[in-house]
Amino acid sequence: DGYLQTFRECWKEIDPAGTGQASIWHFRDLVERLHILGNPMGSCALVDPFNHRAIRIEILQGQRDCTHMEFQTVAQTLALNVAGVKALPYEEMVRRKERLCFFAQAAFMSQTVLRFGKKKHARDVLLSKIVRSNLKPVSSHVGTDPRVAFSFVLTDRQGYVFIDVDTKVVYLFSHEARVEMKIPLWDIADLVEDDEDPESVKLVFGDGRECTLNFLEESECSQFVVVFRGLLESDFDHEQSQGLARAESVVDPISKDYLL
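Just so it is clear, the model here is predicted, and its values are computed rather than measured.

J.: Even after reading the chapter, I still don't get the overall build of the protein, so can you show me in this structure?
T.: When helices and strands are counted, the protein shows eight helices and 10 strands. Classification of the 260 residues of the protein by burial places 38% in the buried group. Carbon and sulfur atoms make up 53% of the accessible area of the protein, which totals about 15100 Å².

Here it is as structure tokens:
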């Protein structure tokens, strides 16, 4: 009874008019408040990101308006997650396990789509910015995976530089097509342009090492800077650029890193 009373008081904060409904975007605020007050009805939804998302999907299941949650549905769902399936009669326990399996799969798919969608959006924004600079990418395929990259000609002594947009890796090739250097973008701390020599730039690594690139023409150098800085400013990090980031284990239960 004490936990239910605490739930009612916290609900009033997100539903001051007492309509019995509240925006689903207040769900995190609700469970975090309950968790802070020591109510397990809030803590159960903050165990991990997938569980949090699965509970939200369960709350919204069957509702016409997927932007609002109802008091009775939220209270019942959180209470069931606290009690666990073993608190139910056998037949209901079996049905509950099947439903939880469905919600877990839906939560995983939802998070997967969101993460790949964010990666694709950031990539599309970057390519749009680069294309507006009149620089055409080199498209290639690795198996069935489309790749976009940019190639820039260096002086005869150095060969050329190749930037893979999808993996965020800079390659330095000799004229014999031999890889001289492979540099992940996150290993590069800064790019320094030379005011006196517009055909050269300097890559500064995190450990203090430096690598000077001498381009064949000034236009090649300026286009390289556009692509390089565009990649540095893009919103997705190197873990996401390599594919779906691994699922987090148990983290701070009131961390804002959880996906809604």
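Back to the text.
J.: Would you explain the pairing of strand E6 (residues 169-173) in this entry?
T.: Each regular strand shows side chains that alternate between the opposite faces of the sheet. With five of five residues buried, E6 is to be regarded as a mostly interior element. The two faces of E6 match: Val169, Tyr171 and Phe173 on one face and Val170 and Leu172 on the other face are all buried. Bridge count for strand E5 (residues 160-164) against E6 is five bridges, and the pairing is antiparallel. What sits directly across from Tyr160, in E6, is Phe173. Between E5 and E6, which pair antiparallel in sequence order, lie four residues; one of them, Lys168, sits at a positive phi of approximately 55°. Where E6 lies against strand E7 (residues 179-184), five bridges are found, and the strand directions are antiparallel. Each residue of the ladder has a partner; that of Val170, found in E7, is Ile183.

J.: Looking at this model, I keep getting lost on the packing of aromatic side chains. Mind explaining?
T.: Where two aromatic rings form a pair, the distance of their centres and the angle of their planes describe that pair. If you walk through the whole model with that rule in mind, you get 11 aromatic pairs. For the pair Phe215 and Phe224, a centre-to-centre distance of 5.2 Å together with 45° between the ring planes defines the contact as tilted. By relative accessible area, which is 1% here, Phe215 ends up buried. Classification of Phe224 as buried rests on a relative accessible area of 0%. Every member of this aromatic cluster is reached through a ring pair, and the members are Phe152, Phe215, Phe224 and Phe228. Between Arg56 and the ring centre of Trp25, over which it is positioned, the NZ or CZ distance is 5.7 Å. Sitting over the face of the ring of Phe205, Arg209 holds its NZ or CZ atom 4.5 Å from the ring centroid.

J.: Looking at this structure, how should I read the pattern of salt bridges?
T.: Pairing is possible between side chains of opposite charge, provided their charged atoms come close. Scanning the model with the defined rule gives six salt bridges in all. A salt bridge links Glu13 to Arg33; the nearest nitrogen and oxygen atoms lie 3.8 Å apart. Here Glu13, found in helix H1 (residues 2-14), pairs with Arg33, found in helix H2 (residues 27-36); they are 20 residues apart in sequence, far enough to count as distant. Here Arg33 falls in the partly exposed class, since its relative accessible area comes to 34%. Of the charged contacts in the structure, one is a salt bridge between Asp207 and Arg209, with a shortest N-O distance of 2.8 Å.

J.: Before we go on, may I ask you to explain the pairing of strand E8 (residues 188-193) in this structure?
T.: Examined bridge by bridge, E8 and strand E9 (residues 200-205) share five bridges and lie antiparallel to one another. When the bridges of E9 are listed, Val192 appears paired with Lys202. Connecting E8 to the antiparallel partner E9 that follows it, the hairpin turn spans six residues.

J.: What exactly am I supposed to notice about the sheet that holds E8 here?
T.: Each strand in a sheet pairs with another by means of backbone hydrogen bonds, the pair being arranged parallel or else antiparallel. One open sheet accounts for three strands, arranged E8-E9-E10; its pairing is antiparallel. The two strands at the open ends of the sheet, each matched to only one other strand, are E8 and strand E10 (210-214). For this sheet, the mean inter-axis angle between neighbouring strands, taken without regard to orientation, is 20°.

J.: I tried to follow the confidence of the model for the protein on my own but got confused; where do I start?
T.: Counting all residues, the mean pLDDT for the protein is 75, and 75% of those residues have values of 70 or more. The secondary structure element of the protein with the lowest average pLDDT is helix H8 (residues 238-241), at 38, and the one with the highest is H2, at 92. In this model, residues 135-146 is a region of pLDDT below 50 whose contacts with residues beyond four sequence positions or in other chains number 20 contacts. When the criterion is pLDDT under 50, residues 235-260 qualifies, and its contacts beyond four places in sequence or with other chains add up to 55 contacts.

J.: Is there a simple way to think about the environment of Leu213 in this case?
T.: With respect to the element layout, Leu213 can be found in strand E10. Classification of Leu213 as buried rests on a relative accessible area of 0%. C-alpha of Leu213 to C-alpha of Thr155: the two residues are 58 residues apart in sequence and 8.6 Å apart in space. Not counting chain neighbours up to four residues away, the residues in contact with Leu213 comprise Leu154, Gln158, Leu172, Glu199, Ser200, Val201, Leu203 and Phe224.

Rules used in this analysis
Residues numbered from 1 in each chain as written. Predicted model: local features only at pLDDT ≥ 70, side-chain atom pairs only at ≥ 80, totals over all residues. Heavy atoms only, no water. Helix = DSSP H or I, 4+ residues; strand = E, 2+ residues; numbered from the N terminus. Buried < 20%, exposed > 50% of the residue type's maximum accessible area, 1.4 Å probe, protein only. Areas by Shrake-Rupley, 256 points an atom, 1.4 Å probe, with all protein chains shown as cover. Pairing = 2+ DSSP bridges. Phe/Tyr/Trp six-rings, centres within 6.5 Å; stacked < 30°, edge-to-face > 60°. Lys NZ or Arg CZ within 6 Å of the ring centre and 35° of its normal. Salt bridge = Lys/Arg side-chain N within 4 Å of Asp/Glu carboxyl O. Axes fitted to C-alpha atoms, helices over the stretch in contact; angles between N-to-C directions. pLDDT = per-residue confidence, 0-100. Contact = heavy atoms within 4.5 Å.

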